[in-house]
Amino acid sequence: GFDSEVKHNQRENDDKVLDLETERDDLQRTLMEASEHCDIFKTKAENLSNRFGSLAVSLSLMMEEQSALVKAVQQSEEEECFKRKFRIQRAKELLEAEELDSMNDSGDSEVTSAFSKQSKEMEAIA
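Rules of the game
- Residues numbered from 1 in each chain as written.
- Predicted model: local features only at pLDDT ≥ 70, side-chain atom pairs only at ≥ 80, totals over all residues.
- Heavy atoms only, no water.
- Helix = DSSP H or I, 4+ residues; strand = E, 2+ residues; numbered from the N terminus.
- Rg over C-alpha atoms; globule rule 2.2 N^0.38 Å.
- Buried < 20%, exposed > 50% of the residue type's maximum accessible area, 1.4 Å probe, protein only.
- Salt bridge = Lys/Arg side-chain N within 4 Å of Asp/Glu carboxyl O.
- Patch = residues over 30% accessible without salt bridge, like charges linked within 9 Å, V, L, I, M, F, W, Y side chains within 5 Å.
- Areas by Shrake-Rupley, 256 points an atom, 1.4 Å probe, with all protein chains shown as cover.

Caption draft 1: Structural context of the overall build of the protein. Each helix and strand in the protein was counted, giving one helix and zero strands. Over its C-alpha trace the protein gives a radius of gyration of 53 Å, far above what one expects of a compact globule, namely 14 Å for 126 residues. C-alpha atoms of the protein, sized along the principal axes, occupy 180 × 20 × 10 Å. Looking at the protein residue by residue over its 126 residues, the buried ones come to 0%.

Shown next as structure tokens:
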């Protein structure tokens, strides 16, 4: 009886050891798979971080370019406004000069008619 009980207990212990070893192997496999997944996620996270970094730099450059473009457009509009005001002022000056010329033209025609009259008188005398 004692031997059979010892063998029975030995078999039970061996079975428990086998079960524990199987469970240990399963846990090691799960741990390895989890580690692999963790490494994959780390790599993906690094890649995303790099992409976000690149996007941030690109966005920053785009904002700088847009700011420069806005300044250039504003400067161009200011120059156009200045040129327009200058042309309007110049046109006013030309109109005033034209008005003075036309007043002088009427004076010129008086001079011309005086010369013409004088020429006729001289012809009459000659």
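Caption draft 2: The arrangement of the pattern of salt bridges in detail. Inspection of the entire model under this criterion finds three salt bridges. In this structure, D25 and R24 form a salt bridge, with 3.1 Å as the shortest nitrogen-oxygen distance. You can call D25 partly exposed: its relative accessible area is 32%. Of the charged contacts in the structure, one is a salt bridge between D26 and R29, with a shortest N-O distance of 2.9 Å. Placement of both D26 and R29 in helix α1 (residues 2-125) is noted, with a separation of three residues, approximately one turn of the helix. The partly exposed category is assigned to D26, whose relative accessible area is 37%.

Caption draft 3: Inspection of the environment of L48 at higher detail. Here L48 lies in helix α1. Overall, the relative accessible area of 42% leaves L48 in the partly exposed class. When the C-alpha positions of L48 and E64 are compared, they lie 24 Å apart, and in sequence the two are 16 residues distant.

Caption draft 4: Region of the structure containing the environment of L27. Note on placement: L27 falls in helix α1. The spatial distance from the C-alpha of L27 to the C-alpha of L59 is 47 Å, given a sequence separation of 32 residues.

Caption draft 5: Inspection of a nonpolar patch on the surface at higher detail. A cluster of nonpolar side chains, L48, F52 and L55, forms an exposed patch at the surface whose accessible area comes to about 330 Å². Looking at where F52 falls in the secondary structure, it is placed in helix α1. For F52, a relative accessible area of 57% corresponds to the exposed category.

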